[in-house]
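# Geometric and topological summary
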Amino acid sequence: MAAGISIKQGLLSSKISLHHALHRKISPNSVCIQRAAEIQSVRAATSATVDSQDNEKYCLELVRSRDYDGFVSSLLLPEEARRSSLALRAFNVELAQVKDSVSQKTIGLMRMQFWKTAVEEIYRDDPPNQPVAAELWRVRKHYLTKRWLLKIITEREKDLDDRAYRNLQELEAYSENTQSSLIYLLLECLGLKNVHADHAASHIGKAQGIVTCLRATPYHSRRRKVYLPMDICMLHGASQEDFIRGSREPNVRDVVYDIASQAHVHLQHARSFSHNVPAAATPAFLQTVVLEDYLQRVRKADFDVFHPSLQNRNPLIPIQLYFRSWKKTY
């Protein structure tokens, strides 16, 4: 009898101990803390998603407003590379607009240093709180070569000297280090490593840099600045003042002809590799449509870089880009 009572007391004692143990494990305070942690985690994830969407939208709007041709070209890329292309083009726009947005070279150098530091931090998985930098960090999954990003910054930094190119070779070197480097990165977004594609990209980038210099001449002339290669200007006896006045004299047209011809040569060289360039690389070369369009229009204007027809964007460019994208050619 005593043994039975002892067993019952032991069982009762075990139940009470178990009840206390369970009460401690699922106490209201513990539940509240756990619930708060879950809510905080959800909020953090939601906030990160919203920030990511805001960064993507910022890049998209920046490229659409400042590099419309690049914007349309990016939309025609495969979906997995589209966002990366917009991030890279936004990065390029940010650097390109430094020169025109600062009144002192020192301020421009500070901005370039910010981007050099930003690139290093992106590759340490610690990007700065800046939309384009954050978006670049997000698209790092493509294993983008850091050297190309830094080369673009370094070349843009040199360009802050705000002087004309001494010769055509200097303009080509600048174009290679900026525009060609950007195309190399676009090829990486597409997952391509091909020597023929790289050669084509080099020439397309040079052609793009030359055409950009020509297209921007009226804008720069209004600001009393001329960046066209001095050796070609001197060859034809055209002074910087001729361009600042918007002269349409034959010697000014001859300068434009020589520079435009070199851009055309680079396009032809790029296309000479077309039989060996993988079809998957052609989306990165869609800018050739824009370059070809400008060169044809400047030829029709008899190489008058100030002709009104050259100041307006061709409304058919998006259709031409789509058609070229469909044909998978450049």
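Only a predicted model underlies this, so the values are computations on that prediction, with no experimental measurement involved.

## Focus on unusual backbone geometry
Residue Asp 162 is not a glycine yet carries a positive backbone phi of 60 degrees. Structurally, the position occupied by Asp 162 is in the loop between helix H8 (146–158) and helix H9 (168–189).

## Quick look at the pattern of salt bridges
For the structure shown, the criterion picks out 23 salt bridges. Measuring nitrogen to oxygen at the nearest pair gives 2.7 Å for the salt bridge that ties Arg 245 to Asp 242. Since its relative accessible area comes to 54%, Arg 245 is described here as exposed. By relative accessible area, which is 12% here, Asp 242 ends up buried. For Arg 271, the salt bridge identified is with Glu 292, shortest N-O distance 3.4 Å. In this pair, Arg 271 is assigned in helix H14 (residues 250–271) and Glu 292 in helix H15 (residues 287–300), connecting sequence segments 21 residues apart. Looking at Arg 271, the relative accessible area reads 23%, which means it is partly exposed.

## Structural notes on the packing of aromatic side chains
Across all of its chains, the model carries 8 aromatic pairs by this definition. With 5.0 Å between their ring centres and 90 degrees between their planes, Tyr 257 and Phe 303 make a pair best called edge-to-face. Of this pair, Tyr 257 sits in helix H14 while Phe 303 sits in the loop between H15 and helix H16 (317–327), placing them 46 residues apart in sequence. Since its relative accessible area comes to 15%, Phe 303 is described here as buried. Between Phe 323 and Trp 326 the ring centres are 5.9 Å apart and the planes differ by 35 degrees, which places this aromatic pair in the tilted class. One end of the pair, Phe 323, and the other, Trp 326, are both in helix H16, 3 residues apart, so they sit about a helical turn from each other. Residue Phe 323 is classed as partly exposed on the basis of its relative accessible area of 45%. One aromatic cluster is present, built from ring pairs that chain together Phe 91, Phe 114 and Trp 115. A cation sits over an aromatic face here: Lys 99 above Tyr 227, 4.0 Å from the ring centre.

## A closer look at H8
Between its first and last C-alpha atoms H8 spans 19 Å; for 13 residues at 1.5 Å apiece the expected length is 18 Å, and the two agree. For H8, the full list of buried residues reads Trp 148, Leu 149, Ile 152, Ile 153, Glu 155, Arg 156 and Glu 157. Buried residues in H8 make contact with helix H4 (79–96), helix H6 (105–122) and H9.

## So, a nonpolar patch on the surface
On the surface, Tyr 322, Phe 323 and Trp 326 cluster together into a nonpolar patch covering about 420 Å² of accessible area. Mapped onto the elements, Tyr 322 comes out in helix H16. Residue classification places Tyr 322 among the exposed positions, given a relative accessible area of 53%.

Rules used in this analysis
Residues numbered from 1 in each chain as written. Predicted model: local features only at pLDDT ≥ 70, side-chain atom pairs only at ≥ 80, totals over all residues. Heavy atoms only, no water. Helix = DSSP H or I, 4+ residues; strand = E, 2+ residues; numbered from the N terminus. Salt bridge = Lys/Arg side-chain N within 4 Å of Asp/Glu carboxyl O. Buried < 20%, exposed > 50% of the residue type's maximum accessible area, 1.4 Å probe, protein only. Phe/Tyr/Trp six-rings, centres within 6.5 Å; stacked < 30°, edge-to-face > 60°. Lys NZ or Arg CZ within 6 Å of the ring centre and 35° of its normal. Expected span 1.5 Å × (residues − 1). Contact = heavy atoms within 4.5 Å. Patch = residues over 30% accessible without salt bridge, like charges linked within 9 Å, V, L, I, M, F, W, Y side chains within 5 Å. Areas by Shrake-Rupley, 256 points an atom, 1.4 Å probe, with all protein chains shown as cover.

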